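Each chain, written out:
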Amino acid sequence: MVKMCRWKVIPVALCLLAGTGTHAQVTPAEPPLAAPGPVEHRGVVDDTWIVAPKRLGDATLAAVKNYADEGDIAAGVSLRYRIDNAEWIVADVFIYPAGEGDNATMLKRAMEDFRESVAFAERQQIYRNVWWGEESPYTATLPDGNKVEGRFLPIVFDAQQDMLTSRAYLFYRKLYFVKIRLSTAVEAVDSLAEDADPFIGNLLGGLDIVSTGTCGKKMDIMVSTPGQPPPSGLKDGVSPDGYRLLLKPGRAGTVDHAAEVARTATLAAKRQQASGCTSLEYDPPQEDDAHAVLHLSFGPDDWGTSPRKQP
């Protein structure tokens, strides 16, 4: 028999006690590990922390901008990197809220948004004589060998009396769009192709995006009976997304039970953060010599009470 509790309905401590038959008045021992606990949330996403390396392979972070400081939180943040021995290349990175959807659908929307932003700049005569290249799939290879599927689109345009060429790379990562634009004068276009692949792979591999909120999900905590095989996907007690937990039966208040709860909750928090959104406690990193940390704080109506799915 498996007992199931909903995280938002029953506090985790009571849920675990109910699963083991232990009386609530038993005083639990201090856990040997600090397990992340449940948190009250305002919406799907309450806060997002974007952690960007200041040194990235052959590139150095030169400038950051948080558009929320100007009242435009939907625009997210931007990063500008300078590539070693290629000072003629401007490498701009834009990270902004997307919502929830499958990768193909979200990339289609990201490309539509990008085309419209360029068209707007053209209507404002910021860009002139825009020439669009051919849109195509793009696969980024991260330093660990993992692959990330995105889209690629080159453009050429006049800007402030200079003819520039730009290569745009679009990705959907952890509820956010990541747009990378490498731009230079037309005569240096060959250098864009040479520097693009390593820069993009290092950036996507080094950049971290962690949001906190309900994440549009509920946590399921299950307690199994002795000898019962674990459900599919819970062999180590935690689902791949970190939102289903399976605890071994044990007496609440004992050291062994506290250690099991701490281990399982810590693993759940780690997997939730890896997917980009956690409903458990999260201790964001502080900015240091190696990383810039940008913070976006959302109101309850910015993301709503359930994930925004694109048509």
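That block above? That's the structure.
What comes next concerns the included structure.

## Regarding helix α2 (residues 103–123)
For α2, with 21 residues, the first-to-last C-alpha span of 30 Å sits near the 30 Å given by 1.5 Å per residue. Considered for burial, the residues of α2 that qualify are Met106, Leu107, Ala110, Met111, Phe114, Val118 and Ala121. The arc that holds the buried residues of α2, viewed along the axis, is 140°, so those residues lie on one side. Among the exposed residues of α2, those pointing more than 90 degrees away from its buried face are Lys108 and Arg123. Against the buried residues of α2 lie β7 (128–132), β9 (147–159), β10 (162–173) and β11 (176–185). Looking at where α2 begins, the residue whose side-chain oxygen comes 3.3 Å from the main-chain nitrogen of Ala104 is Asp102. Once α2 ends, the next one or two residues include Gln125, with phi positive near 60°.

## Considerations on the pattern of salt bridges
Counting across every chain of the model gives 13 salt bridges. Where Lys65 meets Glu70, a salt bridge forms, and the shortest distance between an N and an O atom there is 3.1 Å. Lys65 sits in the partly exposed class, given a relative accessible area of 34%. A salt bridge links Arg263 to Glu260, with the nearest nitrogen and oxygen atoms 3.5 Å apart. You can see Arg263 and its partner Glu260 sitting in helix α4 (residues 255–275), 3 residues apart, about one turn around the helix. Glu260 sits in the buried class, given a relative accessible area of 15%.

Each value, and the rule that gives it
Numbers given for residues are sequential positions, taken from 1 along each chain in its written order. Totals for whole chains, interfaces and linings use every residue, but because this is a predicted model, local features are given only for residues with pLDDT of at least 70 and side-chain atom pairs only at 80 or more, for both listing and counting. Note: side-chain values were computed over all heavy atoms of the structure, leaving out hydrogens and water. Think of it this way: any DSSP run of H or I at least four residues long counts as a helix, any run of E at least two long counts as a strand, and we number them from the N terminus. In a helix, the anticipated span is given by 1.5 Å times the number of residues less one. To sort residues, take the accessible area from a 1.4 Å probe on protein chains only and compare it with the maximum for the residue type: under 20% means buried, over 50% means exposed, and anything in between is partly exposed. Throughout, the arc means the angular range of directions from the helix axis out to the C-beta atoms. Only heavy atoms enter the contact rule, under which two residues are in contact if any of them lie within 4.5 Å. The term polar contact refers here to a pair of N or O atoms within 3.5 Å; inside protein, the definition further demands a hydrogen-donor-capable atom paired with an acceptor-capable atom, and it admits residues adjacent in sequence only when both atoms are side-chain atoms. Any carboxyl oxygen of Asp or Glu that lies within 4 Å of a side-chain nitrogen of Lys or Arg is treated as forming a salt bridge with it.

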